[in-house]
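# Structural overview
Residue strings, one per chain:
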Amino acid sequence: MTDVIDIDDLQFRWQGASASLLQIDDFKLAAGERVFLCGQSGSGKSTLLNLITGVQDGYSGQLQVLGQEMRSLRPAQRDSLRAASIGYIFQQFNLLPYLSVLDNAGLPCRLSPERKARAIASFGSVSRAALTLMTELGLDADCFDRAVSSLSIGQQQRVAAVRALIGGPELIIADEPTSALDTAHRQRFMQQLLATCGERGISLLFVSHDNGLREQFDRVVSMEELNQGGAHVLD
Amino acid sequence: MYWIELAYRSLLNRRLTVVLTALSIAISVMLVLSVEKIRVDAKSNFTNTLSGTDLVVGARTGALNLLLYSVFRIGDASNNISWQSYQELGGNPDVSWMVPLSLGDSHRGYRVIGTTAAYFQHYKFAREQSLSFSRGAAFEELFDTVIGSEVARRLGYAVGDKIALSHGTGVVSFSNHDDLPFTIKGLLDPTGTPVDRSLHVSLGAIEAIHQGWDNGVKLRGAKGFDPATSKPLEPEVITAALVGMKSRLKTFAFQRHVNKYSEEPLMAIVPGATLQQLWSMLRFVESTLLAIVALVACSSLLGLLTVIMAGLNERRREIALLRALGASARHVFGLLCGEAALIALLGSLLGVLFYYALLIVMSPLLLANFGVVVQVDVLPLNLIGYLLALVCFAGLLGLIPAWRAYRFALSDGLTMRT
């Protein structure tokens, strides 16, 4: 089975810059693997995530996502790969305020036919998929129809996790999703996210500098060790 | 495409800002259309002050001067036409009708015109529109007068009121013909021409009130006109005459005939041509209005740009989120561009609606208060062109924030600016 992410001798530098911002000799994320990626700001984290999601291009070396070399894809192909195969959770402000909770959760299925097909195959319908995942992540049924702005930050992050999970993407990238949560909520959120990913065999790349969370992961990778690039410049 | 629905929902979510922006565009579109309407109608009102008259005849002077005192009642005649010449010219077989004008008196700043009842039949304005009476009728008795709509409105006159005329044309006059009061016999409908500011009396009345006067001064001891005993008099001189030809083709031949008239120095002008000449001297009015139109349009477009740009920073998060969900940078570009064009379109349509509402409300008020005839008609082609250009330009301006958003989308990637 191909790795979800396969990096070999990846280099990235900004145009005109002399030193590489990123220099990663070898990094693999296997299918179903849950990896904790820690790193200070300025370690090249954001650039790496932008390269993996295909939002940034212009690297040299090898960067394969789901067996596809990102460099060889056209921008539109990278965009649809991202829509179909990657769920993304931000630190906060994950939800569109003009959509209901349920619509936010089901959004990837509206934008990607693959994820819609997979959600229907597993759950019968998109809304049933959303409801099932929301219950699994510990959201009360009474917040399904509420306005996004009336949810607590913890509830908003759960909805964001449901959105990342719906339609069974191969990879979920979570960029410090717990930093806005208090400790009690953080633990529960982590457990539920890890369990759901584990059950469905979804790979998780979890970025955080909160080392208290690392024990729960299959593997811990430090950005500082991973990145040989001279750049501990700001990114 | 669900992207379009998302864009629509996003727009709906910001409806207050969107509606306010569209309103500001609507108001400027309304202003642009109104100012342009005023420009076009002022020009046509002006050049249509006199129509249906083929020639204006007066003593030899400048063409503009003759037009100014005979039609616009501005300034004074330098010389007169003898009644004899007037009658002789009127006897020409090519002349269909002639209306004499005798100027020189006033009533509280409004000019008095001595003429015949034929004036009300032959004086035409705008598109060959005849004068009409809102009250009463043309003068019959010697001391009857017919007043224009502005005179009636400003001075609060009604049919049956008695007024005294003054010698000369100032607002305040010290030589009044107050021994011979006139009775208001008729009120004219508004025309948007100097007729609204005129009082009309018969030629005989002008002669009568000047009997016993010489050179504008009442002669001491001279016997004035006595309505009971004196007979109506024929005038010796008049100031100008309006001429209608039996055939338009004869106009220039008759004009030459007048210009070469051997008995006294006379001249004839074609009013339409001279009106055009006068308007071209007032070109600066037109260009000022055009400049206002252009500035108004600019300010509204700048407003649109400002609103979209100001909202852009707040929307960086939304842009990153949409990118994470699979939106391309081009989607982001199209989203912003489409929004700007849509707001501009919405604003323009609202503006046209406002314009017509304003026109329908204002046109009777304008006519009643300023005597300006404003027609409610279909948008002329050039205005539709302006509007389309405005919408297109607004759409193009939308490229600026769209380009910025596109740059954000590329440089921020999935980094959320919080």
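Residues numbered from 1 in each chain as written. Chains lettered and ligands numbered in written order. Predicted model: local features only at pLDDT ≥ 70, side-chain atom pairs only at ≥ 80, totals over all residues.

### Some details on the overall build of chain A
- Helix and strand counts for chain A stand at eight helices and nine strands.
- Relative to the globule expectation of 18 Å for 235 residues, the C-alpha radius of gyration of chain A, 18 Å, shows essentially globular dimensions.
- Each of the three principal axes of chain A carries a C-alpha extent, and together these read 55 × 35 × 35 Å.
- The buried share of chain A, taken over its 235 residues, is 46%.
- Across chain A, contacts joining residues at least 24 apart in sequence account for 76% of those joining residues at least 6 apart. (Helix = DSSP H or I, 4+ residues; strand = E, 2+ residues; numbered from the N terminus. Rg over C-alpha atoms; globule rule 2.2 N^0.38 Å. Buried ≥ 20, exposed ≤ 12 C-beta atoms within 10 Å, placed from the backbone. Contact = placed C-beta atoms within 7 Å.)

### Looking at the overall build of chain B
- A count of helices and strands for chain B gives 14 helices and 17 strands.
- When the backbone C-alpha atoms are referred to their principal axes, chain B occupies close to 105 × 45 × 30 Å.
- Taken across its 418 residues, chain B has 38% of its residues classed as buried.
- Within chain B, contacts between residues separated by at least 24 positions form 79% of all contacts whose residues are at least 6 apart in sequence.

### Here we look at the interface of chain B and chain A
- In this complex, chain B contributes 18 residues to the contact, which on the side of chain A involves 27 residues.
- Of all the secondary-structure elements, those providing two or more residues to the side of chain B that touches chain A are helix 1 (2-13) and helix 11 (316-324) of chain B.
- Considered class by class, the residues forming the side of chain B that touches chain A number seven nonpolar, seven polar and four charged. (Nonpolar A, V, L, I, M, F, W, Y, C, P; charged D, E, K, R; others polar.)

### Side note on the sheet that holds strand 6 (residues 86-89) of chain A
Residues and elements named next belong to chain A.
- The strand order across the open sheet built from five strands is 6-7-8-3-9, with neighbouring strands paired in parallel fashion. Edge positions in the sheet fall to strand 6 and strand 9 (219-222), since each of these pairs with one other strand and no more. Each strand axis lies, on average, 20 degrees off the axis of its neighbour in the sheet, ignoring direction.
- As paired elements, strand 3 (residues 34-38) and strand 8 (residues 203-207) share four bridges and run parallel to each other. Bridging across to strand 8, arginine 34 finds its partner in leucine 204. (Pairing = 2+ DSSP bridges. Axes fitted to C-alpha atoms, helices over the stretch in contact; angles between N-to-C directions.)

### Quick word on the nonpolar core
- Residues Val162 and Ile172 of chain A together with Val332 of chain B are the most contacted members of the largest nonpolar core, which totals 108 residues.
- Beyond its immediate sequence surroundings of up to four residues, isoleucine 172 of chain A is in contact with Gly87, Ile89, Ala164, Leu165, Cys197, Ile202 and Leu204 of chain A.
- Counting 57 residues, the second-largest nonpolar core is a separate cluster that includes Ala77, Val112, Leu199 and Leu275 of chain B. (Core = buried A, V, L, I, M, F, W, Y, C linked by C-beta atoms within 7 Å.)

### Structural notes on the pairing of strand 4 (residues 110-115) of chain B
All names here are of chain B.
- Most of strand 4 is tucked away, with six of its six residues classed as buried.
- Remark: two residues form the turn of the hairpin made by strand 3 (residues 95-107) and strand 4, two consecutive strands paired antiparallel; arginine 108 in that turn has positive phi of roughly 50 degrees.
- Taken together, the five bridges between strand 4 and strand 12 (residues 198-202) define a ladder with parallel strand orientation. Of the residues in strand 12, the one forming a bridge with valine 112 is leucine 199.

### Regarding the sheet that holds strand 2 (residues 22-29) of chain A
Residues and elements named next belong to chain A.
- Spatial strand order, 2-1-4-5: four strands in an open sheet with antiparallel pairing. Two strands bound the open sheet, and with one partner strand each, they are strand 2 and strand 5 (68-69).
- Where strand 1 (residues 5-12) meets strand 4 (residues 59-65), six bridges bridge the pair, whose relative direction is antiparallel. Its bridge partner lying in strand 4, phenylalanine 12 is registered against tyrosine 59.

### Here's the deal with helix 11 of chain B
- Those residues of helix 11 of chain B that sit buried are Ile319, Ala320, Leu321, Leu322, Arg323 and Ala324 of chain B.
- Following helix 11 of chain B by one or two positions, glycine 326 of chain B adopts a phi angle in the positive range, close to 115 degrees.

### Brief notes about the environment of glycine 398 of chain B
Residue and element names in this part refer to chain B.
- The residue glycine 398 is located in the loop between helix 13 (381-397) and helix 14 (399-412) in this model.
- Once the C-alpha coordinates of glycine 398 and leucine 336 are considered, the two residues, 62 residues apart in sequence, prove to be 6.7 Å apart.
- The contacts of glycine 398, once residues within four sequence positions are left out, are Ile308, Leu336, Cys337, Glu339, Ala340 and Ala341.

### Some thoughts on unusual backbone geometry
- Phi at glutamate 176 of chain A takes a positive value of approximately 50 degrees, unusual for a residue other than glycine.
- On the neighbour-count criterion, glutamate 176 of chain A (17 C-beta atoms within 10 Å) is partly exposed.
- Positive phi outside glycine occurs at arginine 108 of chain B, with the angle close to 50 degrees.
- Note on placement: arginine 108 of chain B falls in the loop between strand 3 and strand 4.
- Arginine 108 of chain B gets classed as partly exposed once you count the C-beta atoms within 10 Å, which come to 16.

### Side note on the packing of helix 3 (residues 63-70) of chain B against helix 9 (residues 271-281) of chain B
Residue and element names in this part refer to chain B.
- Where helix 3 meets helix 9, the axes come as close as 10 Å, and the angle between the chain directions of the two elements is 100 degrees. In terms of orientation, helix 3 lies roughly perpendicular with respect to helix 9. In contact with Ala63, Leu64 and Leu67 of helix 3, helix 9 contributes Pro271, Thr274, Leu275, Gln277 and Leu278.
- The class makeup of the residues in the contact of helix 3 with helix 9 is six nonpolar, two polar and no charged. (Parallel < 35°, antiparallel > 145°, perpendicular 65-115°, else oblique.)

### Topic: the environment of isoleucine 113 of chain B
Residues and elements named next belong to chain B.
- In this fold, isoleucine 113 is placed in strand 4.
- Taking the C-alpha atoms as reference, isoleucine 113 lies 5.6 Å from serine 102; in sequence the two are 11 residues apart.
- Look past the residues within four positions of isoleucine 113 in its chain and what remains in contact with it is Leu101, Leu103, Ser198 and His200.

### Things to note about the confidence of the model for chain A
- With 97% of its residues at a pLDDT of 70 or more, chain A shows a mean pLDDT of 87.
- Taken element by element, the predicted model of chain A shows its lowest mean pLDDT in helix 8 (residues 223-226) of chain A (85) and its highest in strand 8 of chain A (93). (pLDDT = per-residue confidence, 0-100.)

### With respect to the packing of helix 6 (residues 153-165) of chain A against helix 7 (residues 183-200) of chain A
Residue and element names in this part refer to chain A.
- Direction vectors running N to C along helix 6 and helix 7 enclose 10 degrees, while the axes themselves pass 11 Å from each other. If you check the angle between helix 6 and helix 7, you find them roughly parallel. In this structure, helix 6 contributes Gly154, Gln157, Arg158, Ala161 and Leu165 to the contact, and helix 7 contributes His185, Phe189, Leu193 and Thr196.
- Residues that form the contact of helix 6 with helix 7 fall into these classes: four nonpolar, four polar and one charged.

### Section: the pairing of strand 3 of chain A
All names here are of chain A.
- For strand 3, a buried count of five out of five residues is recorded, marking the element as mostly surrounded by other parts of the structure.
- What you see with strand 3 is no split at all: Arg34, Phe36 and Cys38 on one side and Val35 and Leu37 on the other are buried throughout.
- Note that strand 3 and strand 9 share four bridges and pair parallel. Across the sheet, residue valine 35 finds its bridge partner in strand 9, namely arginine 219.

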